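As a plain string of letters, each chain reads:
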Amino acid sequence: MAKIMTPAMEKLIKKNRYNAAGVGSSGKEAWKRLRRNKTALFGMAIIIVLLLIGVFAPLIAPYSYFTQDYAATLQLPSAAHLFGTDNLGRDIFSRCIYGARYSLPIGILCVFIGLGFGGGLGVIAAYFGRKTDNVIMRVIDIIQAIPSTLICISLVAILGNGLIQLIIAIAAGTIPGMTRSCRAAIFMVKNNDYVESSKSIGVSNLMIMVRHLVPNAVGIIVINAANAVSGNILTVSALSYIGIGLVPPTPEWGAILSEGKVFISVAPHVVFFPGMMIAITVVAFNLFGNGLRDALDPRLK
Amino acid sequence: MFWYIVKRFLYVIPVMFGVLVLVFLMKLVMPGDPVTELLPLTATQEDRDALREELGLNDPIAVQFADYVWGIISRGDLGTSYKTKQPIMDELMQRFPITILLGLLSLIIGQIIANPLGLLAAVKQYSWMDSLIILFTIVGASLPNFWLALMMIMVFSVNLKWLPSMYNGTAASLIMPVIVSSFGAIAATTRGVRTSMLEMIREDYVRTARAKGQKELIVITRHAFRNALVPVVAGIGSALGLLLGGTLIVETVFAVPGVGKYVADAVTQRNFPAVQGGVVILSFAYTIINIIVDVAYTIVDPRLKTTFITQKQKGIFFWGRNLRGKVPAAAGKGGV
């Protein structure tokens, strides 16, 4: 058999190989399909660039984010100040560069925390089903009865302003969505034969969940996680904007906007550029999420 | 069906009870002493002790919780605002209509814009119009609403002077808040309609209708679109969740005196009872709306019990959605 098969045929067979669920797939397989999707790759490239900008902010930013220059307040964008300056003469471009250190990593980190707690619960609920599922999902129902922005805001109200408090609040807001999406993803793969056979040879429940179920559902989990990150970035900046997340002088994009809103009639650039940064970041995650969905969901082909 | 609806509404009770438990936990851990906050600085120790006794703060926690729940059920008592010393329920009720008006207007306008857009994108799949609409949905879902609001204020209030930048009770001052709060929902709904239309267009009955010589317009609108709307109806609930969360920001930016602004102000003023009151009221509204959407959805599509469960499992447009309950028997079991 093997001799008759040409390399081209082999490639074709590999290319068209989908598992029974059609959507879930192993991490390697998911990455292969993702690589073929230009939009998703483009989004991912932007995300990586933004993360690098955050890491190397001191090297990229022409000015420090806090140096005030009263000789040059509210200047329009120019060669010296690419994005102009704010009311205290601080360089908006540098502040926006440093801003990549806040919303984006916070958004990602909170999704990981949310996945750890919420996703874990979702996997357990789906795998064990019946009573376990019922109990976990009823609790999640209750938490979801509170709109997630409200959960974040009330937690921030209790815990106070600050980075750690904000991360806890945003992560908590992510948990119910993650539980739901992971549960749904696991439901799609849990009836596969390999689960049955693993059980029959006595593989422990934990092993089945970690080694078999999660890797096969990783596609959907990543799609939902990417969407959750964009939601989180918007929430972080929105909270900072209304003054209850990260507060000025932190160069968080929403906080810069919040400081600049009073000067909107004379210096709209103070508000424009940080908003663009948020929008670009969120667009990148949405492109990544949508591209991933197109790559993994055969229904949309 | 009747019993399903009854059960669905009875479901409010455990959910709201759970919300009250969470809110009460918040009350326990929140910083600050209500007695100090509510009394003037000159109050004597006797006054303080009297108020402490009156508020039931010396009772065991279980009793306090029972009092709290009973107070809400029997007299709608959500406590007293630290800021104004007024009953929070009264303050919230004054602000509730404008929030609901804003939410409903945004929802209606959002649906009016999103459905034709999604339909168009699906019918002309892969055309430049499709690409443009997809681009719009991606960008639209990504713009921070407070930024969009500020940009609109800059263009339409500061430069063109067409619309007032703050809410002043007139219809004109509601235009921008409605546009801003419906924007994200428009993007999400358009995308939902497009995806669901694309699936329907490939259905056998659509091909049959075409084969029988039915006019293309009728095929699209009557056969495909009607069925494509079914999952979209389910999306209304989550769109409303977005709207309710968004009102907090939009009302703050445009100074609309609604529940959202009340809660946001209460957080910055560290007026905790008011925050909790807002959470209870908004969650209640959200739960009720979701149940209405759920019931409407089951009436629109009795197949729900079987077909759409798979969609829910795929978790694509349904994650965070509210077709509650155990997976195979969601509808019949009423979710409890």
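Conventions adopted
- Note on numbering: residues in each chain are counted from 1, in written sequence order.
- To label them, take the chains in the order written and letter them from A, then take the ligands in the order written and number them from 1.
- Per-residue local features of the predicted model are confined to residues with pLDDT of at least 70, and side-chain atom pairs are confined, for both listing and counting, to 80 or more; whole-chain, interface and lining totals are unaffected and use all residues.
- Based on all heavy atoms of the structure, the side-chain values leave hydrogens and waters out of the count.
- A run of H or I in DSSP becomes a helix once it reaches four residues, and a run of E becomes a strand once it reaches two; helices and strands are each numbered from the N terminus.
- Buried residues are those whose accessible area, probed at 1.4 Å on protein chains only, stays under 20% of the maximum for their type, while exposed residues exceed 50% and partly exposed ones sit between those limits.
- Contact between two residues is taken to exist if any of their heavy atoms lie within 4.5 Å; hydrogens are not considered.
- Shrake-Rupley sampling with a 1.4 Å probe provides the accessible areas, and residues are treated as covered by the protein chains on show and by no other component.
- For this analysis, a polar contact is any N or O atom pair within 3.5 Å, provided that within protein one partner can donate a hydrogen and the other can accept it, and provided that sequence-adjacent residues contribute only side-chain to side-chain pairs.
- pLDDT is defined as a per-residue confidence score from the predictor, taking values between 0 and 100.
- Each domain's limits were defined by an automated method or a database of domain assignments.
- A 1.4 Å probe defines the accessible area here, and the buried area is the portion of it lost by two parts on being joined, summed over both.
- Patch building starts from residues that exceed 30% relative accessible area and form no salt bridge, then joins like charges within 9 Å and nonpolar side chains (Val, Leu, Ile, Met, Phe, Trp, Tyr) within 5 Å.
- Here, a salt bridge means any Lys or Arg side-chain nitrogen found within 4 Å of an Asp or Glu carboxyl oxygen.
- Two rings from Phe, Tyr or Trp (for Trp, the six-membered ring) form a pair when their centres are within 6.5 Å of each other. A pair whose planes differ by under 30 degrees is stacked, one over 60 is edge-to-face, and the rest are tilted.
- Here, axes are lines fitted to C-alpha atoms. For helices the fit covers the stretch in contact, and angles between N-to-C directions go from 0 to 180 degrees.
- The labels follow the angle: roughly parallel below 35 degrees, roughly antiparallel above 145, roughly perpendicular from 65 to 115, and oblique for the rest.
- Each residue gets one label: Ala, Val, Leu, Ile, Met, Phe, Trp, Tyr, Cys and Pro are nonpolar, Asp, Glu, Lys and Arg are charged, and the others, such as Gly, are polar.
- Nonpolar cores were defined as sets of buried Ala, Val, Leu, Ile, Met, Phe, Trp, Tyr and Cys residues, with membership established by side-chain atoms within 4.5 Å.
- The span expected for a helix works out to 1.5 Å for each residue beyond the first.
- This arc describes the spread of directions from the helix axis toward the C-beta atoms.

Counting its regular elements, chain B contains 15 helices and 0 strands. With 336 residues in all, chain B has 50% of them scored as buried. Restricting the contact set of chain B to residue pairs at least 6 apart, pairs at least 24 apart contribute 71%. Entry remark: accessible area of chain B is about 15,500 Å², with carbon and sulfur atoms responsible for 67%.

So, about the environment of Gln125 of chain B. Residue and element names in this part refer to chain B. Of note, Gln125 is situated in the loop between α6 (88-123) and α7 (128-142). For Gln125 and Tyr82, which are 43 residues apart along the polypeptide, the C-alpha to C-alpha distance reads 56 Å. Discounting residues that sit within four places of it in the chain, Gln125 has contacts with Asp130, Arg194, Leu198 and Arg202. Looking at Gln125, its side chain comes within polar contact range of the side chain of Tyr126, at 3.3 Å.

Before going further, it helps to examine the confidence of the model for chain B. Residues and elements named next belong to chain B. Averaged over chain B, the pLDDT score is 78; the fraction of residues at 70 or greater is 88%. When the elements of chain B are averaged for pLDDT, helix α15 (residues 330-333) gives the smallest value, 28, and helix α8 (residues 145-159) the largest, 87. As scored by the predictor, the complex reaches a pTM of 0.81 and an ipTM of 0.79.

Attention now goes to the domain arrangement of chain B. Residue and element names in this part refer to chain B. Split by domain assignment, chain B resolves into domain 1 (2-75) and domain 2 (95-314). Look at where the C-alpha atoms of domain 1 and domain 2 centre, and you get two points 34 Å apart. Across the contact, 15 residues belong to domain 1 and 15 residues belong to domain 2. Together, the buried faces of domain 1 and domain 2 total about 1,400 Å²; carbon and sulfur atoms form 81% of this surface. Counting the contacts that link domain 1 with domain 2 gives 0 residue pairs in polar contact (both at pLDDT 80 or more). Contributing elements (two or more residues each) for the side of domain 1 that touches domain 2: α1 (2-10) and α2 (12-29). For the side of domain 1 that touches domain 2, the element with the most residues is α2, which contributes 8 residues.

So, about a nonpolar patch on the surface. A contiguous nonpolar patch, built from Ile100, Leu101, Leu104, Leu105, Ile108, Ile109, Ile112 and Ile113 of chain B and spanning about 640 Å² of accessible area, is present on the exposed surface. The residue Leu105 of chain B is located in helix α6 in this model.

Once that is clear, we can look at the packing of aromatic side chains. Evaluation of the coordinates by the stated rule reveals 9 aromatic pairs over all chains. A ring pair is formed by Tyr127 of chain A and Phe128 of chain A, whose centres lie 5.0 Å apart and whose planes are at 75 degrees; its orientation type is edge-to-face. Its relative accessible area of 36% is what places Phe128 of chain A among the partly exposed residues. When the centroid spacing of 5.8 Å and the interplanar angle of 40 degrees are considered together, the rings of Phe24 of chain B and Tyr68 of chain B count as tilted. Of this pair, Phe24 of chain B sits in helix α2 while Tyr68 of chain B is found in helix α5 (residues 61-75), placing the two residues 44 residues apart along the sequence. One exposure class covers both Phe24 of chain B and Tyr68 of chain B, and it is buried.

In this section: the packing of α6 of chain B against helix α12 (residues 259-268) of chain B. Residues and elements named next belong to chain B. The contact between α6 and α12 brings their axes to 7 Å, and the two run at 135 degrees. Taken together, α6 and α12 sit at an angle that is classed as oblique. Counting all contacts with α6, which are made through Ile88, Glu91, Leu92, Arg95, Phe96 and Thr99, the residues of α12 involved are Val259, Gly260 and Tyr262. The residue inventory of the contact of α6 with α12, partitioned by class, reads 5 nonpolar, 2 polar and 2 charged.

Our focus in this paragraph is the interface of chain A and chain B. Listed as interface residues are 53 residues of chain A and, on the opposing side, 61 residues of chain B. Between chain A and chain B, the buried area comes to about 5,000 Å², and carbon and sulfur atoms account for 72% of it. In this assembly, chain A and chain B are joined by 5 residue pairs in polar contact (both at pLDDT 80 or more). Where the side of chain A that touches chain B is concerned, the elements lending two or more residues are α7 (130-144), α8 (148-159), α9 (163-189), α11 (205-241) and α13 (269-296) of chain A.

Before going further, it helps to spend a moment on the nonpolar core. Core analysis: the biggest nonpolar cluster contains 128 residues, and Phe146 and Phe254 of chain B have the highest contact counts within it. Setting aside chain neighbours within four positions, we find Phe254 of chain B in contact with Ala149, Ile153, Ser165, Met166, Tyr167, Met176, Pro177 and Val180 of chain B. Grouped together as the second largest cluster of nonpolar side chains are 16 residues, Ala126, Ile186, Leu213 and Ala217 of chain A included.

Time to look at α5 of chain B. All names here are of chain B. Taking 1.5 Å per residue as the helical rise, α5 with its 15 residues ought to reach 21 Å, and the 20 Å between its terminal C-alpha atoms agrees with that figure. Looking only at α5, the buried set comprises Gln64, Phe65, Tyr68, Val69, Gly71 and Ile72. What you see down the axis of α5 is that its buried residues fit within an arc of 155 degrees, all on one side. For α5, the exposed residues lying more than 90 degrees away from the buried face are Ala62, Trp70, Ile73 and Arg75.

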